[in-house]
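Next come the chains, spelled out residue by residue.
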Amino acid sequence: MAGAANKKQKREDYKKSQNERPSTEAPKKKFYRQRAHANPFSDHQLTYPISPAHMDWSTYYPAFIADTEPIQSLAEVQIEDEAKSTVRPLKKDIEVADIGCGFGGLTVALAPIMPETLILGMEIRTQVTEYVQERIKALRAQHPDGGLYQNAACVRANTMKFLPNFFKKHQLSKIFLCFPDPHFKARKHKARIVSTTLNSEYAYVVRPGGIIYTITDVEDLHNWMVQHFEAHPSFERVPEEEQEADPCVKIMRVETEEGKKVERNQGQKFVALFRRMEDPPW
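Quantities reported herein were computed from a predicted structural model and do not represent experimental measurements. For every chain, the first residue of the written sequence is number 1, and numbering continues from 1 onward in sequence order. Where local features are concerned, this predicted model is filtered to residues with pLDDT of at least 70; where side-chain atom pairs are given and counted, the filter is 80 or more; whole-chain, interface and lining totals use all residues. To obtain the side-chain values, all non-hydrogen atoms of the structure were used and water was disregarded.

*Asks:* Report on the overall build of the protein, specifying residues and quantitative values.
*Replies:* When helices and strands are counted, the protein shows 10 helices and 9 strands. Residue burial in the protein is summarised as follows: out of 282 residues, 49% are buried. Two residues qualify as a contact provided that any one of their heavy atoms is within 4.5 Å of a heavy atom in the partner residue. The contacts of the protein with a sequence gap of at least 6 include a subset with a gap of at least 24, amounting to 77%. Computed with the Shrake-Rupley method and a 1.4 Å probe, the accessible areas treat only the protein chains shown as cover for residues. Accessible surface computed for the protein: about 15200 Å², of which carbon and sulfur atoms make up 50%. Secondary structure elements are defined from DSSP: runs of H or I of at least 4 residues count as helices, runs of E of at least 2 residues count as strands, and each element is numbered from the N terminus. Exposure classes here rest on a 1.4 Å probe applied to the protein chains alone. A residue is buried below 20% of its type maximum, exposed above 50%, and partly exposed in between.

*Asks:* Could you give me a rundown of the UniProt feature "binding site: S-adenosyl-L-methionine" (unreviewed entry) in the protein, with the residues and numbers involved?
*Replies:* UniProt positions are given in the numbering used here, feature names are shortened, and annotations may be inferred rather than shown by experiment. Per the UniProt record, "binding site: S-adenosyl-L-methionine" (unreviewed entry) is annotated on Gly 100, Glu 123, Ile 124, Asn 158, Thr 159, Cys 178, Thr 256, Glu 257 and Glu 258. Looking at the secondary structure, you find Ile 124 in the loop between strand E4 (118-123) and helix H4 (126-142). Locating Cys 178 in the fold gives a position in strand E6 (residues 172-178). Ignoring any residue separated from it by four or fewer positions in sequence, one finds Cys 178 in contact with Ile 99, Gly 100, Leu 106, Ile 215, Met 252 and Thr 256.

*Asks:* Provide a residue-level description of a positive patch on the surface, including the pertinent values.
*Replies:* Two distance rules govern patches: like charges are joined within 9 Å, and nonpolar side chains (Val, Leu, Ile, Met, Phe, Trp, Tyr) within 5 Å, applied only to residues with over 30% relative accessible area and no salt bridge. We count a salt bridge whenever a side-chain nitrogen from Lys or Arg sits within 4 Å of a carboxyl oxygen from Asp or Glu. The charge count treats Lys and Arg as positive and Asp and Glu as negative. His and the chain ends do not count. Here the site of a charge means NZ on Lys, CZ on Arg, CG on Asp, or CD on Glu. The grouping of Lys 185, Arg 187, Lys 188 and Lys 190 at the surface amounts to a positive patch. With respect to the helices and strands, Lys 190 occurs in the loop between E6 and helix H6 (196-205). Given the relative accessible area of 59%, Lys 190 is considered exposed.

*Asks:* Account for the nonpolar core, with residues named and values stated.
*Replies:* For our purposes a nonpolar core is just a set of buried Ala, Val, Leu, Ile, Met, Phe, Trp, Tyr and Cys residues, chained together by side-chain atoms within 4.5 Å. In terms of nonpolar packing, the biggest core is built from 40 residues, with Met 122, Phe 167, Ile 175 and Tyr 202 touching the most fellow members. At 5 residues, the largest contribution of residues to this core is made by helix H7 (residues 219-231). Those residues within four positions of Met 122 in sequence are excluded, and the remaining contacts are Ala 97, Asp 98, Ile 99, Gly 100, Cys 101, Val 155, Ala 157, Thr 159, Leu 163, Phe 166 and Phe 167.

*Asks:* Now, about unusual backbone geometry: what can you tell me, with residues and values included?
*Replies:* Here the phi dihedral of Phe 179 falls at roughly 50 degrees; this positive angle occurs in a residue that is not glycine. Considering the arrangement of structural elements, one finds Phe 179 in the loop between E6 and H6. Since its relative accessible area comes to 10%, Phe 179 is described here as buried. One non-glycine residue, His 183, lies in positive phi territory at about 45 degrees. Secondary-structure assignment places His 183 in the loop between E6 and H6.

*Asks:* How would you summarise the sheet that holds strand E3 (residues 94-99) if you had to cite specific residues and measurements?
*Replies:* At least two DSSP bridges between two strands are needed for those strands to be called paired. One open sheet accounts for 7 strands, arranged E5-E4-E3-E6-E7-E9-E8; its pairing is mixed. The strands lining the two open edges of the sheet, one partner per strand, are strand E5 (152-156) and strand E8 (235-237). Across the sheet, the mean angle from the axis of one strand to that of its neighbour is 20 degrees, orientation sign disregarded. Pairing between E3 and E4: 5 bridges, direction parallel. Its bridge partner being in E4, Asp 98 is matched across the sheet by Gly 121. Think of each axis as a best-fit line through the C-alpha atoms, taken over the contacting stretch in the case of a helix, with angles from 0 to 180 degrees between the N-to-C directions. On top of the sheet, H4 reaches E4 and E5; it is set at about 160 degrees to E5, its chief contact. Here H7 sits on the sheet in contact with E6, strand E7 (206-216), E8 and strand E9 (270-276), set at roughly 15 degrees to E9.

*Asks:* Help me get a handle on the packing of aromatic side chains, residues and values and all.
*Replies:* Any Phe, Tyr or Trp ring, taking Trp's six-membered ring, that has another such ring centre within 6.5 Å forms a pair; planes under 30 degrees apart are called stacked, those over 60 apart edge-to-face, and the others tilted. Under the criterion given, the structure shown has 9 aromatic pairs. When the ring of Phe 103 is compared with that of Tyr 131, the centres are 5.3 Å apart and the planes differ by 75 degrees; the resulting orientation is edge-to-face. Residue Phe 103 is found in the loop between E3 and helix H3 (105-113), and its partner Tyr 131 is found in helix H4; the two are separated by 28 residues along the sequence. According to the relative accessible area criterion, Phe 103 is buried, its value standing at 7%. Between Phe 229 and Phe 235, the aromatic rings sit 5.1 Å apart at their centres with planes inclined by 85 degrees, giving edge-to-face as the arrangement. Across the pair, exposure class does not vary: Phe 229 and Phe 235 are buried alike. Only Lys NZ and Arg CZ are tested; either one counts as a charge over a ring when it is within 6 Å of the ring centre and within 35 degrees of the ring normal. Between Arg 192 and the ring centre of Trp 224, over which it is positioned, the NZ or CZ distance is 4.7 Å.

*Asks:* Tell me about the packing of H3 against helix H9 (residues 247-255), and name the residues and values.
*Replies:* Their axes nearest at 9 Å, the elements H3 and H9 cross at an angle of 145 degrees. When the axes of H3 and H9 are compared, the crossing they make is right-handed. Here H3 contributes Gly 105, Leu 106, Ala 109, Leu 110 and Ile 113 to the contact with H9, which in turn contributes Cys 248, Ile 251, Met 252 and Glu 255. Looking at the contact of H3 with H9, its residues break down into 7 nonpolar, 1 polar and 1 charged. Take the far helix as the reference: if the near one is turned anticlockwise from it by less than a right angle, the crossing is left-handed, and if turned clockwise, right-handed. Note that Gly is not counted as nonpolar here; it falls among the polar residues with everything else outside the nonpolar set of Ala, Val, Leu, Ile, Met, Phe, Trp, Tyr, Cys and Pro and the charged set of Asp, Glu, Lys and Arg.

*Asks:* Break down the pattern of salt bridges for me, with residues and values.
*Replies:* The full count for this structure, using the stated rule, is 12 salt bridges. Put simply, Arg 276 and Asp 279 hold a salt bridge, and the shortest N to O gap is 2.9 Å. The exposure class of Asp 279 is partly exposed, given its relative accessible area of 38%. Within this structure, Glu 236, Glu 242 and Arg 275 form a network of salt bridges that share partners.

Here is the structure:
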């Protein structure tokens, strides 16, 4: 217990000193460590919009704020409430979601190669989310003139519960599911990030032609994800030759923290991509 208390105190002291460090200095990961996984069914203390129209992304992507007056949120239009709010619109919508982004390796690696595309890392763990946010802040400060990393951001969210609260229908062109919790026990399979129900939510937020990227070092989980996506009428598996030609796959294999760990341990990485198909005519 004394060790845990000491660790917590060191973390708090470090965070208090952050205002004194250079803005270009990257945060130290050791002060943001947290349990590897969080229970997605727990009632975490989360802040989330009641609909995508209510989400103000301007603080996450300040370089992409539209040159217009703030628009009224739906709550302001429909509800007489003391907590009326306004939403500052962006020039463009977020198109890429890195779900369970961890320490943000993939999110920040994608940003420079897709400079005009808004990329969002989504992470349920408080400390890890804070680390990614500080990491992006430092990267932006390191590139003040080039505008690099202005298109990357991270938000704390439980996507298993609230994905449609953040994204409207057919908004996303890419979703990344990198090294998700395998939940080995059969009774825990309902907590896997790929399932029949969740795949329908992915189909809702991903536009036709968009891609779901999956990677894991657990073959059983890989087979599970392939089985569930192939069984879903909105998705088809991307052929291997097309998969291997995708530059995002190359980045996904090497830039995540888990991917680097698997590389060090000389483990296998199982990759599968799935394309969102056009909806059939009514």
